[in-house]
Amino acid sequence: MTSSDTQANTMWGGRFASGPDAIMTAINASIGFDQRLYAQDIAGSRAHAAMLGATGIITPSDAAAIGEGLLTVLSEIKAGKFAFRTDLEDIHLNIETRVTQIIGEPGKRLHTARSRNDQVATDFRLWVRDQCDAAIQGLTVLMTAFLKQADQGADWVMPGFTHLQTAQPVTWGHHMLAYVEMLSRDRSRFVDARKRMNECPLGAAALAGTSYPIDRHMTAAALGFDRPTANSLDSVSDRDFALEFLSASSICAMHLSRFAEELVIWSSAQFRFIRLSDKWTTGSSIMPQKRNPDAAELLRAKLGRILGATVALFTVMKGLALTYSKDMQEDKEQVFDAADTLMLSLAAMSGMVADMTANRDVLEASAATGFSTATDLADWLVRALGLPFREAHHVTGALVALAEAKGCDLPDLSLSELTSAHPGITQEVYSVLGVQNSVRSRQSYGGTAPDQVRAQIARWQADLA
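Residues numbered from 1 in each chain as written. Predicted model: local features only at pLDDT ≥ 70, side-chain atom pairs only at ≥ 80, totals over all residues. Heavy atoms only, no water.

1. Examining the packing of helix H4 (residues 38-54) against helix H6 (residues 91-103)
Using the following cut-off: Note on definitions: angles span 0 to 180 degrees between N-to-C directions of axes, and those axes are lines fitted to C-alpha atoms, for helices only across the stretch in contact. Runs of H or I in DSSP of at least four residues are treated as helices and runs of E of at least two as strands, each being numbered from the N terminus. Note on terminology: angles under 35 degrees are roughly parallel, angles over 145 are roughly antiparallel, angles of 65 to 115 are roughly perpendicular, and the others are oblique. Crossing chirality is assigned from the near helix's rotation relative to the far helix, an anticlockwise turn below a right angle marking it left-handed and a clockwise turn marking it right-handed. In this description, contact between two residues means that some pair of their heavy atoms is separated by no more than 4.5 Å.
Where H4 contacts H6, the two axes come as close as 10 Å, and the packing angle between them is 60°. As the angle between them shows, H4 and H6 are arranged oblique. For the element pair H4 and H6, the recorded crossing hand is right-handed. Taken together, the residues of H6 that come into contact with H4 (itself represented by Tyr 38, Asp 41 and Ile 42) are Ile 91, His 92 and Ile 95.

Structure, rendered in C-alpha coordinates:
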(Lines give C-alpha, C1' and ligand atoms only; values in the text may rest on other atoms or scores of the structure.)
Protein backbone atom coordinates (compact mmCIF):
# COMPACT_ATOMS: atom_id res chain seq x y z
CA MET A 1 0.00 0.00 0.00
CA THR A 2 1.34 3.41 -0.91
CA SER A 3 1.68 6.26 1.54
CA SER A 4 -1.07 8.10 -0.32
CA ASP A 5 -3.34 5.08 0.10
CA THR A 6 -2.62 5.14 3.81
CA GLN A 7 -3.42 8.84 4.02
CA ALA A 8 -6.66 8.41 2.06
CA ASN A 9 -7.70 5.53 4.30
CA THR A 10 -6.93 7.67 7.35
CA MET A 11 -9.29 10.33 6.03
CA TRP A 12 -12.01 7.83 5.24
CA GLY A 13 -11.62 6.01 8.55
CA GLY A 14 -11.06 2.33 9.33
CA ARG A 15 -13.85 1.05 7.08
CA PHE A 16 -11.57 0.63 4.06
CA ALA A 17 -8.78 -1.94 4.09
CA SER A 18 -7.16 -1.05 0.79
CA GLY A 19 -6.58 2.11 -1.20
CA PRO A 20 -8.51 3.33 -4.23
CA ASP A 21 -7.57 2.58 -7.79
CA ALA A 22 -5.65 5.37 -9.52
CA ILE A 23 -8.58 6.04 -11.84
CA MET A 24 -10.93 6.21 -8.86
CA THR A 25 -8.59 8.70 -7.23
CA ALA A 26 -8.57 10.81 -10.36
CA ILE A 27 -12.35 10.89 -10.77
CA ASN A 28 -12.98 11.35 -7.05
CA ALA A 29 -10.56 14.19 -6.34
CA SER A 30 -11.80 17.76 -6.64
CA ILE A 31 -8.76 19.65 -5.37
CA GLY A 32 -7.82 20.56 -8.94
CA PHE A 33 -10.72 23.02 -9.02
CA ASP A 34 -12.15 23.44 -5.52
CA GLN A 35 -8.88 24.94 -4.28
CA ARG A 36 -10.48 28.19 -5.44
CA LEU A 37 -12.61 27.93 -2.29
CA TYR A 38 -9.62 28.17 0.04
CA ALA A 39 -10.46 31.61 1.47
CA GLN A 40 -14.08 30.64 2.09
CA ASP A 41 -13.07 27.28 3.57
CA ILE A 42 -10.65 28.91 5.98
CA ALA A 43 -13.19 31.57 6.96
CA GLY A 44 -15.79 28.88 7.64
CA SER A 45 -13.34 26.78 9.63
CA ARG A 46 -12.25 29.75 11.73
CA ALA A 47 -15.87 30.59 12.53
CA HIS A 48 -16.57 26.94 13.36
CA ALA A 49 -13.51 26.62 15.62
CA ALA A 50 -14.34 29.83 17.46
CA MET A 51 -17.87 28.55 18.03
CA LEU A 52 -16.60 25.19 19.29
CA GLY A 53 -14.43 27.02 21.78
CA ALA A 54 -17.17 29.43 22.89
CA THR A 55 -19.64 26.58 23.51
CA GLY A 56 -17.12 24.46 25.41
CA ILE A 57 -17.15 21.65 22.84
CA ILE A 58 -13.38 22.08 22.58
CA THR A 59 -11.10 24.03 24.89
CA PRO A 60 -10.50 27.72 24.26
CA SER A 61 -6.78 27.01 23.85
CA ASP A 62 -7.43 24.41 21.15
CA ALA A 63 -9.84 26.81 19.39
CA ALA A 64 -7.22 29.56 19.47
CA ALA A 65 -4.53 27.22 18.14
CA ILE A 66 -6.78 26.12 15.30
CA GLY A 67 -7.56 29.73 14.45
CA GLU A 68 -3.86 30.60 14.28
CA GLY A 69 -3.08 27.49 12.28
CA LEU A 70 -5.74 28.38 9.75
CA LEU A 71 -4.27 31.87 9.35
CA THR A 72 -0.86 30.31 8.74
CA VAL A 73 -2.34 28.12 6.02
CA LEU A 74 -4.03 31.14 4.49
CA SER A 75 -0.73 32.98 4.29
CA GLU A 76 0.96 29.93 2.76
CA ILE A 77 -1.67 29.64 0.04
CA LYS A 78 -1.56 33.34 -0.76
CA ALA A 79 2.23 33.19 -0.98
CA GLY A 80 2.09 30.20 -3.33
CA LYS A 81 3.89 27.99 -0.82
CA PHE A 82 1.06 25.55 -0.16
CA ALA A 83 1.31 22.12 -1.80
CA PHE A 84 -2.18 20.95 -2.77
CA ARG A 85 -2.38 17.15 -2.63
CA THR A 86 -4.65 15.08 -4.84
CA ASP A 87 -4.54 12.17 -2.39
CA LEU A 88 -6.36 14.40 0.11
CA GLU A 89 -9.23 14.75 -2.38
CA ASP A 90 -10.49 18.26 -1.72
CA ILE A 91 -9.79 21.68 -0.28
CA HIS A 92 -11.29 20.74 3.09
CA LEU A 93 -8.95 17.84 3.82
CA ASN A 94 -5.95 19.64 2.35
CA ILE A 95 -6.42 22.54 4.75
CA GLU A 96 -7.35 20.44 7.77
CA THR A 97 -4.36 18.16 7.27
CA ARG A 98 -1.97 21.07 7.00
CA VAL A 99 -3.41 22.73 10.12
CA THR A 100 -2.82 19.49 12.03
CA GLN A 101 0.75 19.34 10.75
CA ILE A 102 1.32 22.88 12.00
CA ILE A 103 -0.37 22.78 15.43
CA GLY A 104 -0.49 19.07 16.20
CA GLU A 105 -3.26 17.34 18.16
CA PRO A 106 -5.66 20.32 18.42
CA GLY A 107 -5.99 20.31 14.62
CA LYS A 108 -7.74 16.94 14.80
CA ARG A 109 -10.56 18.57 16.74
CA LEU A 110 -11.47 21.02 13.97
CA HIS A 111 -13.89 18.63 12.28
CA THR A 112 -15.94 18.11 15.44
CA ALA A 113 -19.69 18.68 14.91
CA ARG A 114 -19.47 19.18 11.16
CA SER A 115 -19.25 17.22 7.93
CA ARG A 116 -17.74 17.93 4.58
CA ASN A 117 -21.35 18.07 3.37
CA ASP A 118 -22.26 21.20 5.33
CA GLN A 119 -18.70 22.49 4.97
CA VAL A 120 -18.75 22.52 1.16
CA ALA A 121 -22.29 23.87 1.10
CA THR A 122 -21.09 26.78 3.23
CA ASP A 123 -17.88 27.36 1.28
CA PHE A 124 -19.63 27.31 -2.07
CA ARG A 125 -22.44 29.58 -0.87
CA LEU A 126 -19.88 32.09 0.42
CA TRP A 127 -18.05 32.01 -2.91
CA VAL A 128 -21.20 32.49 -4.98
CA ARG A 129 -22.28 35.30 -2.66
CA ASP A 130 -18.98 37.04 -3.38
CA GLN A 131 -19.61 36.60 -7.11
CA CYS A 132 -23.03 38.20 -6.78
CA ASP A 133 -21.36 41.21 -5.16
CA ALA A 134 -18.81 41.35 -7.99
CA ALA A 135 -21.54 41.13 -10.64
CA ILE A 136 -23.54 43.90 -8.98
CA GLN A 137 -20.47 46.12 -8.97
CA GLY A 138 -19.59 45.26 -12.58
CA LEU A 139 -23.13 45.97 -13.73
CA THR A 140 -23.10 49.34 -11.98
CA VAL A 141 -19.93 50.29 -13.85
CA LEU A 142 -21.45 49.23 -17.17
CA MET A 143 -24.72 51.06 -16.49
CA THR A 144 -22.71 54.19 -15.74
CA ALA A 145 -20.91 53.87 -19.09
CA PHE A 146 -24.21 53.57 -20.95
CA LEU A 147 -25.60 56.49 -18.98
CA LYS A 148 -22.70 58.71 -20.05
CA GLN A 149 -23.35 57.83 -23.67
CA ALA A 150 -27.05 58.63 -23.18
CA ASP A 151 -26.26 61.98 -21.59
CA GLN A 152 -23.94 62.93 -24.42
CA GLY A 153 -26.50 62.16 -27.11
CA ALA A 154 -29.84 62.78 -25.43
CA ASP A 155 -31.13 64.63 -28.50
CA TRP A 156 -29.13 62.92 -31.26
CA VAL A 157 -31.50 61.35 -33.76
CA MET A 158 -31.01 57.81 -35.04
CA PRO A 159 -33.23 55.21 -36.67
CA GLY A 160 -35.20 52.90 -34.45
CA PHE A 161 -35.60 49.42 -35.84
CA THR A 162 -38.07 46.57 -35.85
CA HIS A 163 -37.10 43.43 -37.79
CA LEU A 164 -33.83 45.34 -38.40
CA GLN A 165 -35.86 47.56 -40.75
CA THR A 166 -36.16 51.30 -40.21
CA ALA A 167 -39.24 51.87 -38.07
CA GLN A 168 -39.37 55.31 -36.40
CA PRO A 169 -36.78 57.92 -35.44
CA VAL A 170 -35.51 57.67 -31.88
CA THR A 171 -32.72 59.36 -29.97
CA TRP A 172 -29.29 57.93 -29.24
CA GLY A 173 -29.85 58.66 -25.57
CA HIS A 174 -33.08 56.69 -25.61
CA HIS A 175 -31.36 53.69 -27.18
CA MET A 176 -28.55 53.77 -24.61
CA LEU A 177 -31.06 53.99 -21.78
CA ALA A 178 -32.76 50.82 -23.03
CA TYR A 179 -29.63 48.92 -21.99
CA VAL A 180 -29.49 50.73 -18.66
CA GLU A 181 -32.98 49.39 -17.99
CA MET A 182 -32.00 45.85 -19.02
CA LEU A 183 -28.87 45.88 -16.91
CA SER A 184 -30.76 47.29 -13.93
CA ARG A 185 -32.99 44.22 -14.02
CA ASP A 186 -29.89 42.04 -14.18
CA ARG A 187 -28.48 43.86 -11.19
CA SER A 188 -31.72 43.40 -9.24
CA ARG A 189 -31.69 39.67 -9.99
CA PHE A 190 -28.24 39.33 -8.44
CA VAL A 191 -29.36 41.43 -5.46
CA ASP A 192 -32.42 39.23 -4.96
CA ALA A 193 -30.44 36.01 -5.38
CA ARG A 194 -27.92 37.22 -2.83
CA LYS A 195 -30.68 37.83 -0.28
CA ARG A 196 -32.07 34.33 -0.73
CA MET A 197 -28.70 32.61 -0.49
CA ASN A 198 -27.64 34.50 2.63
CA GLU A 199 -28.43 31.67 5.04
CA CYS A 200 -25.70 29.56 6.61
CA PRO A 201 -25.68 25.74 6.16
CA LEU A 202 -22.82 25.22 8.60
CA GLY A 203 -23.97 23.01 11.48
CA ALA A 204 -26.29 20.86 9.39
CA ALA A 205 -23.46 18.30 9.53
CA ALA A 206 -23.80 15.30 7.22
CA LEU A 207 -27.57 15.67 6.82
CA ALA A 208 -29.34 15.37 10.19
CA GLY A 209 -27.77 18.06 12.33
CA THR A 210 -25.56 17.21 15.28
CA SER A 211 -25.89 16.15 18.90
CA TYR A 212 -23.18 18.59 19.98
CA PRO A 213 -24.46 21.81 21.63
CA ILE A 214 -23.36 24.05 18.75
CA ASP A 215 -24.43 27.65 18.24
CA ARG A 216 -25.39 27.97 14.59
CA HIS A 217 -26.45 31.58 14.97
CA MET A 218 -22.94 32.42 16.11
CA THR A 219 -21.28 30.91 13.04
CA ALA A 220 -23.89 32.42 10.72
CA ALA A 221 -23.25 35.88 12.13
CA ALA A 222 -19.48 35.44 11.99
CA LEU A 223 -19.70 34.66 8.27
CA GLY A 224 -22.02 37.53 7.44
CA PHE A 225 -25.15 35.43 6.94
CA ASP A 226 -28.55 36.69 7.99
CA ARG A 227 -29.45 33.45 9.76
CA PRO A 228 -28.71 29.72 9.76
CA THR A 229 -30.64 27.49 7.38
CA ALA A 230 -33.73 25.95 8.97
CA ASN A 231 -33.64 22.37 7.63
CA SER A 232 -30.53 20.23 7.77
CA LEU A 233 -31.61 18.00 4.87
CA ASP A 234 -32.14 20.94 2.56
CA SER A 235 -28.99 22.63 3.83
CA VAL A 236 -26.57 20.04 2.49
CA SER A 237 -28.47 19.23 -0.72
CA ASP A 238 -29.47 22.71 -1.88
CA ARG A 239 -27.73 24.24 -4.88
CA ASP A 240 -30.51 26.70 -5.74
CA PHE A 241 -28.15 29.55 -4.91
CA ALA A 242 -25.75 28.43 -7.65
CA LEU A 243 -28.59 27.87 -10.11
CA GLU A 244 -29.98 31.33 -9.40
CA PHE A 245 -26.55 32.86 -9.94
CA LEU A 246 -26.17 30.99 -13.22
CA SER A 247 -29.68 31.90 -14.34
CA ALA A 248 -29.13 35.58 -13.61
CA SER A 249 -25.75 35.36 -15.33
CA SER A 250 -27.33 33.79 -18.42
CA ILE A 251 -29.93 36.55 -18.74
CA CYS A 252 -27.25 39.18 -18.21
CA ALA A 253 -24.97 37.56 -20.81
CA MET A 254 -27.88 37.49 -23.24
CA HIS A 255 -28.27 41.26 -22.82
CA LEU A 256 -24.56 41.77 -23.36
CA SER A 257 -24.74 39.58 -26.45
CA ARG A 258 -27.56 41.70 -27.88
CA PHE A 259 -25.55 44.89 -27.60
CA ALA A 260 -22.46 43.11 -28.90
CA GLU A 261 -24.48 42.27 -32.00
CA GLU A 262 -25.42 45.93 -32.38
CA LEU A 263 -21.77 46.92 -32.06
CA VAL A 264 -20.86 44.48 -34.83
CA ILE A 265 -23.60 45.86 -37.09
CA TRP A 266 -23.12 49.52 -36.23
CA SER A 267 -19.34 49.46 -36.74
CA SER A 268 -19.63 47.93 -40.23
CA ALA A 269 -18.85 49.96 -43.35
CA GLN A 270 -22.49 49.60 -44.37
CA PHE A 271 -23.80 51.27 -41.21
CA ARG A 272 -20.93 53.41 -39.84
CA PHE A 273 -23.06 54.36 -36.81
CA ILE A 274 -20.13 54.04 -34.41
CA ARG A 275 -16.40 53.67 -34.33
CA LEU A 276 -14.40 51.55 -31.90
CA SER A 277 -10.77 52.46 -31.33
CA ASP A 278 -7.78 50.20 -31.86
CA LYS A 279 -8.16 49.07 -28.23
CA TRP A 280 -11.20 46.99 -29.12
CA THR A 281 -10.63 45.99 -32.75
CA THR A 282 -8.18 43.86 -34.67
CA GLY A 283 -6.86 43.77 -38.20
CA SER A 284 -6.76 41.14 -40.90
CA SER A 285 -3.71 39.09 -41.83
CA ILE A 286 -4.25 39.74 -45.56
CA MET A 287 -6.75 42.64 -45.85
CA PRO A 288 -5.08 45.81 -44.58
CA GLN A 289 -8.27 47.87 -44.67
CA LYS A 290 -10.10 45.70 -42.13
CA ARG A 291 -11.05 46.82 -38.62
CA ASN A 292 -12.73 43.82 -37.06
CA PRO A 293 -14.89 44.16 -33.92
CA ASP A 294 -13.42 40.97 -32.49
CA ALA A 295 -14.00 41.90 -28.85
CA ALA A 296 -17.72 42.36 -29.52
CA GLU A 297 -17.88 39.12 -31.50
CA LEU A 298 -16.15 37.16 -28.74
CA LEU A 299 -18.39 38.70 -26.13
CA ARG A 300 -21.41 37.76 -28.24
CA ALA A 301 -20.27 34.14 -28.03
CA LYS A 302 -19.71 34.11 -24.27
CA LEU A 303 -23.40 33.51 -23.61
CA GLY A 304 -22.91 29.98 -24.92
CA ARG A 305 -20.49 29.15 -22.12
CA ILE A 306 -22.63 30.67 -19.39
CA LEU A 307 -25.89 29.19 -20.65
CA GLY A 308 -24.14 25.84 -21.07
CA ALA A 309 -23.03 25.96 -17.45
CA THR A 310 -26.60 26.70 -16.38
CA VAL A 311 -27.99 23.74 -18.30
CA ALA A 312 -25.19 21.50 -16.99
CA LEU A 313 -25.94 22.21 -13.34
CA PHE A 314 -29.69 21.84 -13.84
CA THR A 315 -28.93 18.46 -15.40
CA VAL A 316 -26.73 17.42 -12.47
CA MET A 317 -29.37 18.35 -9.89
CA LYS A 318 -32.57 17.24 -11.59
CA GLY A 319 -32.57 13.58 -10.48
CA LEU A 320 -30.95 13.65 -7.06
CA ALA A 321 -32.89 12.25 -4.12
CA LEU A 322 -32.19 13.92 -0.77
CA THR A 323 -29.66 14.55 0.46
CA TYR A 324 -26.03 14.76 -0.69
CA SER A 325 -24.76 12.69 -3.61
CA LYS A 326 -21.31 12.72 -5.13
CA ASP A 327 -22.88 14.02 -8.35
CA MET A 328 -22.92 17.40 -6.61
CA GLN A 329 -19.14 17.57 -6.84
CA GLU A 330 -19.86 18.51 -10.46
CA ASP A 331 -21.52 21.73 -9.33
CA LYS A 332 -18.45 23.94 -9.14
CA GLU A 333 -16.45 23.95 -12.34
CA GLN A 334 -19.36 25.25 -14.39
CA VAL A 335 -20.08 27.99 -11.87
CA PHE A 336 -16.43 28.98 -11.65
CA ASP A 337 -16.17 29.25 -15.43
CA ALA A 338 -19.47 31.10 -15.78
CA ALA A 339 -18.49 33.61 -13.10
CA ASP A 340 -15.11 34.23 -14.69
CA THR A 341 -16.73 34.60 -18.11
CA LEU A 342 -19.39 36.99 -16.84
CA MET A 343 -16.93 39.27 -15.09
CA LEU A 344 -14.65 39.35 -18.14
CA SER A 345 -17.65 40.11 -20.35
CA LEU A 346 -18.87 42.94 -18.10
CA ALA A 347 -15.41 44.49 -18.02
CA ALA A 348 -14.99 44.19 -21.79
CA MET A 349 -18.40 45.66 -22.51
CA SER A 350 -17.79 48.54 -20.10
CA GLY A 351 -14.58 49.27 -21.98
CA MET A 352 -16.24 49.18 -25.39
CA VAL A 353 -19.22 51.33 -24.38
CA ALA A 354 -16.90 53.94 -22.88
CA ASP A 355 -14.66 53.78 -25.96
CA MET A 356 -17.21 53.90 -28.78
CA THR A 357 -17.77 57.13 -30.67
CA ALA A 358 -21.16 57.67 -32.29
CA ASN A 359 -21.20 59.21 -35.78
CA ARG A 360 -23.96 61.73 -35.16
CA ASP A 361 -24.34 62.91 -38.75
CA VAL A 362 -24.56 59.36 -40.08
CA LEU A 363 -27.13 58.46 -37.42
CA GLU A 364 -29.38 61.40 -38.31
CA ALA A 365 -29.05 60.86 -42.05
CA SER A 366 -29.98 57.21 -41.59
CA ALA A 367 -32.93 58.15 -39.39
CA ALA A 368 -34.38 60.18 -42.26
CA THR A 369 -34.42 57.21 -44.63
CA GLY A 370 -36.86 54.36 -45.00
CA PHE A 371 -39.97 56.54 -44.57
CA SER A 372 -39.35 56.63 -40.83
CA THR A 373 -41.93 59.39 -40.25
CA ALA A 374 -44.80 57.45 -41.84
CA THR A 375 -46.37 56.80 -38.44
CA ASP A 376 -46.12 60.52 -37.64
CA LEU A 377 -48.05 61.26 -40.84
CA ALA A 378 -50.73 58.70 -39.93
CA ASP A 379 -51.01 60.13 -36.41
CA TRP A 380 -51.34 63.66 -37.86
CA LEU A 381 -54.19 62.53 -40.14
CA VAL A 382 -55.97 61.15 -37.08
CA ARG A 383 -55.41 64.27 -34.96
CA ALA A 384 -55.84 67.01 -37.58
CA LEU A 385 -58.44 65.49 -39.89
CA GLY A 386 -60.24 63.13 -37.54
CA LEU A 387 -59.64 60.09 -39.74
CA PRO A 388 -59.98 56.65 -38.17
CA PHE A 389 -56.48 55.26 -37.69
CA ARG A 390 -57.05 52.41 -40.16
CA GLU A 391 -58.01 54.93 -42.87
CA ALA A 392 -55.06 57.13 -41.95
CA HIS A 393 -52.84 54.06 -42.22
CA HIS A 394 -54.18 53.40 -45.74
CA VAL A 395 -53.64 57.02 -46.86
CA THR A 396 -50.12 57.01 -45.48
CA GLY A 397 -49.34 53.73 -47.19
CA ALA A 398 -50.42 55.23 -50.53
CA LEU A 399 -48.11 58.21 -49.97
CA VAL A 400 -45.21 55.92 -49.03
CA ALA A 401 -45.74 54.04 -52.29
CA LEU A 402 -45.77 57.35 -54.19
CA ALA A 403 -42.54 58.54 -52.54
CA GLU A 404 -40.91 55.17 -53.16
CA ALA A 405 -41.84 55.37 -56.85
CA LYS A 406 -40.38 58.89 -57.06
CA GLY A 407 -37.22 57.85 -55.23
CA CYS A 408 -37.69 60.38 -52.42
CA ASP A 409 -38.81 60.46 -48.78
CA LEU A 410 -42.14 61.67 -47.41
CA PRO A 411 -40.98 65.22 -46.52
CA ASP A 412 -39.85 65.63 -50.14
CA LEU A 413 -43.37 65.19 -51.57
CA SER A 414 -45.12 68.39 -52.65
CA LEU A 415 -48.38 69.46 -51.06
CA SER A 416 -50.25 68.65 -54.25
CA GLU A 417 -48.81 65.17 -54.22
CA LEU A 418 -49.85 64.76 -50.58
CA THR A 419 -53.39 65.96 -51.27
CA SER A 420 -53.69 63.45 -54.08
CA ALA A 421 -54.01 60.82 -51.39
CA HIS A 422 -56.38 62.90 -49.25
CA PRO A 423 -57.72 66.39 -50.07
CA GLY A 424 -57.78 67.47 -46.43
CA ILE A 425 -54.00 67.46 -46.01
CA THR A 426 -52.58 70.95 -45.41
CA GLN A 427 -49.16 72.61 -45.20
CA GLU A 428 -49.21 71.92 -41.47
CA VAL A 429 -48.37 68.27 -42.14
CA TYR A 430 -44.73 69.17 -42.83
CA SER A 431 -44.33 70.07 -39.15
CA VAL A 432 -44.45 66.38 -38.24
CA LEU A 433 -42.50 64.88 -41.14
CA GLY A 434 -38.95 65.84 -40.08
CA VAL A 435 -37.09 63.40 -37.85
CA GLN A 436 -36.35 66.09 -35.26
CA ASN A 437 -40.05 66.96 -35.08
CA SER A 438 -40.85 63.28 -34.82
CA VAL A 439 -38.69 62.59 -31.79
CA ARG A 440 -39.74 65.80 -30.04
CA SER A 441 -43.37 64.74 -30.35
CA ARG A 442 -42.86 61.45 -28.48
CA GLN A 443 -43.54 62.99 -25.08
CA SER A 444 -45.27 60.05 -23.44
CA TYR A 445 -43.58 58.78 -20.28
CA GLY A 446 -40.70 56.56 -21.32
CA GLY A 447 -40.78 57.95 -24.85
CA THR A 448 -37.88 59.04 -27.01
CA ALA A 449 -38.41 62.81 -26.79
CA PRO A 450 -35.19 64.49 -25.59
CA ASP A 451 -37.00 65.98 -22.58
CA GLN A 452 -38.18 62.52 -21.54
CA VAL A 453 -34.72 61.07 -22.12
CA ARG A 454 -33.08 63.73 -19.97
CA ALA A 455 -35.59 63.10 -17.19
CA GLN A 456 -34.71 59.39 -17.22
CA ILE A 457 -31.00 60.20 -17.29
CA ALA A 458 -31.42 62.36 -14.19
CA ARG A 459 -33.31 59.56 -12.46
CA TRP A 460 -30.58 57.04 -13.19
CA GLN A 461 -27.78 59.43 -12.26
CA ALA A 462 -29.40 59.84 -8.85
CA ASP A 463 -29.86 56.09 -8.51
CA LEU A 464 -26.29 55.20 -9.43
CA ALA A 465 -24.84 57.97 -7.29
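Now that the structure has been shown, we can carry on.
2. Points about the packing of aromatic side chains
Two measures describe an aromatic ring pair: the distance that separates the ring centres and the angle between the ring planes. Put simply, the rule reads: Two aromatic rings from Phe, Tyr or Trp, using only the six-membered ring of Trp, form a pair when their centres are within 6.5 Å; if the ring planes differ by under 30 degrees the pair is stacked, by over 60 it is edge-to-face, and anything between is tilted. Accessibility here uses a 1.4 Å probe with only protein chains present; expressed as a share of the type maximum, an area under 20% marks a residue as buried, one over 50% as exposed, and anything in between as partly exposed. Any Lys NZ or Arg CZ that is within 6 Å of a ring centre and within 35 degrees of that ring's normal is treated as a charge sitting over the ring.
As enumerated under the stated definition, the model contains 14 aromatic pairs in all. Aromatic pair Trp 127 and Phe 336: ring centres 4.7 Å apart, planes at 65°, arrangement edge-to-face. Taken together, the residues Trp 127 in helix H7 (residues 116-152) and Phe 336 in helix H13 (residues 332-355) connect sequence positions 209 residues apart. Both residues of the pair, Trp 127 and Phe 336, count as buried. Note on Phe 259 and Trp 266: the rings are 5.8 Å apart at their centroids and 90° apart in plane angle, and the pair reads as edge-to-face. Side by side, Phe 259 and Trp 266 carry an identical accessibility label, which is buried. Feature note: the residues Phe 146, Phe 161, Trp 172, Tyr 179, Phe 259, Trp 266, Phe 271 and Phe 273 constitute an aromatic cluster, connected by ring pairs. When the ring centre of Phe 336 is taken as reference, the NZ or CZ atom of Arg 36 above it lies at 4.9 Å. A cation over an aromatic ring shows up here: Arg 129 above the ring of Phe 225, its NZ or CZ 4.8 Å from the ring centre.

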